[in-house]
Amino acid sequence: MKASRCVDIIDDEAEVLDALTLLLSTAQIESRSYGSAEEYLTLNPLKEPACILLDNQLPGMSGIELLRQIVAATKDSTVIMITAYGDVPTAVSAMRAGAFHFVQKPFDAEALLTTVVEALSRTDETRDDPHEIKEFNARQALLTQREREVLALLLEGLPTKFIAQQLRISSRTAEHHRAAVIQSNIFLPLYGFLYESISAQY
């Protein structure tokens with residue numbers, strides 16, 4: 001890692017950069033701030049692993065696009081995605097792309113610090129195929145074909161009513177399959193955010 005206790009922050013909002021810098025300083029964690037993905041890539045050749053707080057909604061290149069470049073270039077990097085526009089499809093895309101975690105604004109300061117500290121301690125682990133994704137795929141393989149179809153639509157953020165219309169089945173049948181997907185605990189490996197979001201859908 002570039003520094004034993006250093007985090008790169010990438011966000012286009014100056015006030016967010018300042019707030020995160022201050023928050024990290026309370027735990028004696030150094031930080032470097034960048035206003036865009038392009039600025040980060042210009043100043044960082046991506047040759048060494050890093051711990052990164054990355055906003056998804058950036059001008060120009062998106063956070064997800066930058067995440068993919070970071071993971072491809074430095075597989076030991078840990079990237080925590082931060083966004084004010086969190087939803088299930090975005091969270092799944094981030095985790096599948098190799099994100100260490102996914103948090104929403106406004107974030108809980110104590111919880112975020114805990115996540116950062118954990119990320120700093122895990123930069124020596126491979127990001128090629130995280131354990132959470134392996135477990136997710138293993139559980140997905142246990143679903144029926146119809147349940148996998150429902151799962152795919154759930155991951156697009158569709159509620160039960162629209163899933164039924166898309167698959168041309170009754171709402172009751174769609175609800176039955178949705179319940180089976182939820183009860184399989186398939187979302188638990190991808191952090192509580194996904195499980196709570198999917199479970200709350202109607």
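On a predicted model such as this, the values are computed, not experimentally measured, just so you know.

**As for the pattern of salt bridges**
Moving on, step 1. A full pass over the atoms with the stated rule returns 6 salt bridges.
Moving on, step 2. Notably, a salt bridge pairs E149 with R146, separated by 2.7 Å at the nearest N-O pair. Of this pair, E149 and R146 both sit in helix 7 (residues 145-154), separated by 3 residues, roughly a single helical turn.
Moving on, step 3. For R146, a relative accessible area of 30% corresponds to the partly exposed category.
Moving on, step 4. A salt bridge links R178 to E175; the nearest nitrogen and oxygen atoms lie 3.3 Å apart. Of this pair, R178 and E175 both sit in helix 9 (residues 171-183), separated by 3 residues, roughly a single helical turn.
Moving on, step 5. Owing to a relative accessible area of 8%, R178 belongs among the buried residues under this scheme.
Moving on, step 6. A residue is classified by how much of its surface remains accessible, and E175, at 33% relative accessible area, is partly exposed.

What counts, and where the lines are drawn
Residues numbered from 1 in each chain as written. Predicted model: local features only at pLDDT ≥ 70, side-chain atom pairs only at ≥ 80, totals over all residues. Heavy atoms only, no water. Salt bridge = Lys/Arg side-chain N within 4 Å of Asp/Glu carboxyl O. Helix = DSSP H or I, 4+ residues; strand = E, 2+ residues; numbered from the N terminus. Buried < 20%, exposed > 50% of the residue type's maximum accessible area, 1.4 Å probe, protein only.

These figures capture arrangement, not role.
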